[in-house]
Amino acid sequence: EVAIKANLFTWFILVKMNYDTKVGYSSSKIYLMSTIEHNLYQVSFFTLQNKKYYILMPNGKARNISSIYTYEGEYPKAKNKLSFAILDEIKFYNNIQDKKLNFKYKGTQYNIETQYSLDLINFYKTFPQSDYTIYFSTKNSTPLSNSILVQLKQLVKEKSEIEAVNLLLRFVQTSFKYKTDQKQFSYEKVMFPEETINYPYSDCEDRSILFSYLVKNLLD
């Protein structure tokens, strides 16, 4: 009953904010559906009037929903699409975790101390898998930037661009243990840089996103 009321209230607020959302129902459940500016994955959707309406769930995943009842009508001003792009920092500054990362470059051992919010990690657990551009363009957290960027900046400041890139590449390639998403999570999960540092394993796209974050912030 609480979930039903929450979905109906959220639908009402979003429609009044001119977002193209709908509600549907199946058996005893009420579903919140919305058009999205980008693609979502591992999320059920229904096509109505040539528009994709994704099922939105608190855990970010709504799979294997084969049929629901809904309506064709539209609120006149509700034309906007939701987006999961994170253009401004999500300011979770509590529950800060420390983690040391080690890598070797040209015979020298480096130790990088990182910080991130576990509250942010828990928030990302609710994040639906989205297009890669969402992860590459995200505004990352201050605790992470104030730790990892400050320390790596000292390592690359007197190096040529090629040397600096090679050092950063060595860092993201060798500071983390590799494991596929299926083996670690039992589903495909694209990770933000904070998540790559938090979890015991990562794979290729996770490290690519972290590498991009470092290169953009340290080497412009």
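Refer to the structure printed above.
Here goes a summary of the coordinates provided.

**Comments concerning the pattern of salt bridges**
- Enumeration according to the criterion identifies five salt bridges in this entry.
- Put simply, glutamate 74 and lysine 79 hold a salt bridge, and the shortest N to O gap is 3.7 Å.
- Connected through salt bridges with shared partners, the residues Asp20, Lys51, Glu74 and Lys79 form a single ionic network.

**Notes on the packing of aromatic side chains**
- For the coordinates displayed, the defined rule picks out 15 aromatic pairs.
- With a centroid separation of 5.1 Å and an interplanar angle of 90 degrees, the aromatic rings of phenylalanine 185 and tyrosine 199 are classed as edge-to-face. With a gap of 14 residues between them, phenylalanine 185 in the loop between α6 (181–184) and α7 (193–198) and tyrosine 199 in the loop between α7 and β10 (201–202) connect regions that are remote in the sequence. Here the two residues phenylalanine 185 and tyrosine 199 agree in accessibility, since each one is buried.
- Within the aromatic cluster, the residues linked to one another by ring pairs are Phe84, Phe92, Phe123, Tyr124, Phe127, Tyr135 and Phe192.
- Geometry around phenylalanine 45 places lysine 52 over its ring, the cationic atom sitting 4.6 Å from the centre.
- In this structure, lysine 189 packs its charged tip against the face of phenylalanine 185, placed 5.9 Å from the ring centre.

**Here's the deal with the sheet that holds strand β2 (residues 29–34)**
- Read across the sheet, four strands follow the order β1-β2-β5-β4 without closing on themselves; strand pairing throughout is antiparallel. Strands with a single pairing partner mark the edges of an open sheet, and in this sheet they are β1 (21–26) and β4 (45–48). Each neighbouring strand pair of the sheet contributes to a mean axis angle of 35 degrees, computed without reference to strand direction.
- As paired strands, β2 and strand β5 (residues 51–56) are joined by three bridges and run antiparallel to one another. Counted as the bridge partner of leucine 32 is leucine 56 from β5.
- Helix α1 (residues 2–16) contacts β1 and β2 of the sheet and is inclined by roughly 25 degrees relative to β2.

**Some remarks on unusual backbone geometry**
- The backbone of glutamine 42 shows a phi angle near 60 degrees, a positive value even though the residue is not glycine.
- Tracing the backbone through its elements, the reader meets glutamine 42 in the loop between β3 (40–41) and β4.
- Unusually for a residue other than glycine, glutamine 49 sits at a positive phi of about 50 degrees.
- Along the polypeptide, glutamine 49 turns up in the loop between β4 and β5.

**Quick look at the side chain of serine 34**
- Residue placement: serine 34 occurs in strand β2.
- Contacts of serine 34, omitting those with residues within four sequence positions, involve Asp20, Thr21, Lys52, Tyr53, Tyr54, Leu56 and Leu82.

**Focus on the packing of helix α4 (residues 142–156) against helix α5 (residues 161–174)**
- Across the interface, α4 lies against α5 with an axial gap of 10 Å and an inter-helix angle of 135 degrees. It follows from the interaxial angle that α4 and α5 lie oblique. Remark: the crossing between α4 and α5 carries right-handed chirality. Residue-level contacts link Ile148, Leu152, Leu155 and Val156 of α4 to Ala164, Leu167, Leu168 and Phe171 of α5.

**Thoughts on the pairing of β2**
- Alignment of β1 against β2, held across six bridges, turns out to be antiparallel. Following the sheet pairing, threonine 21 is matched in β2 by serine 34.

**Notes on the packing of α4 against helix α8 (residues 204–219)**
- Where α4 contacts α8, the two axes come as close as 10 Å, and the packing angle between them is 65 degrees. Considered as vectors, α4 and α8 are oriented roughly perpendicular to each other. In this structure, α4 meets α8 at a crossing whose hand is right-handed. Residues Leu144, Ser145, Ile148, Leu149, Leu152, Lys153 and Val156 of α4 pack against Tyr213, Leu214, Asn217, Leu218 and Leu219 of α8.
- Partitioned by chemical class, the residues of the contact of α4 with α8 number nine nonpolar, two polar and one charged.

Thresholds, definitions, all that
Residues numbered from 1 in each chain as written. Predicted model: local features only at pLDDT ≥ 70, side-chain atom pairs only at ≥ 80, totals over all residues. Heavy atoms only, no water. Salt bridge = Lys/Arg side-chain N within 4 Å of Asp/Glu carboxyl O. Phe/Tyr/Trp six-rings, centres within 6.5 Å; stacked < 30°, edge-to-face > 60°. Helix = DSSP H or I, 4+ residues; strand = E, 2+ residues; numbered from the N terminus. Buried < 20%, exposed > 50% of the residue type's maximum accessible area, 1.4 Å probe, protein only. Lys NZ or Arg CZ within 6 Å of the ring centre and 35° of its normal. Pairing = 2+ DSSP bridges. Axes fitted to C-alpha atoms, helices over the stretch in contact; angles between N-to-C directions. Contact = heavy atoms within 4.5 Å. Parallel < 35°, antiparallel > 145°, perpendicular 65-115°, else oblique. Left-handed = near helix turned anticlockwise from the far one by under 90°. Nonpolar A, V, L, I, M, F, W, Y, C, P; charged D, E, K, R; others polar.

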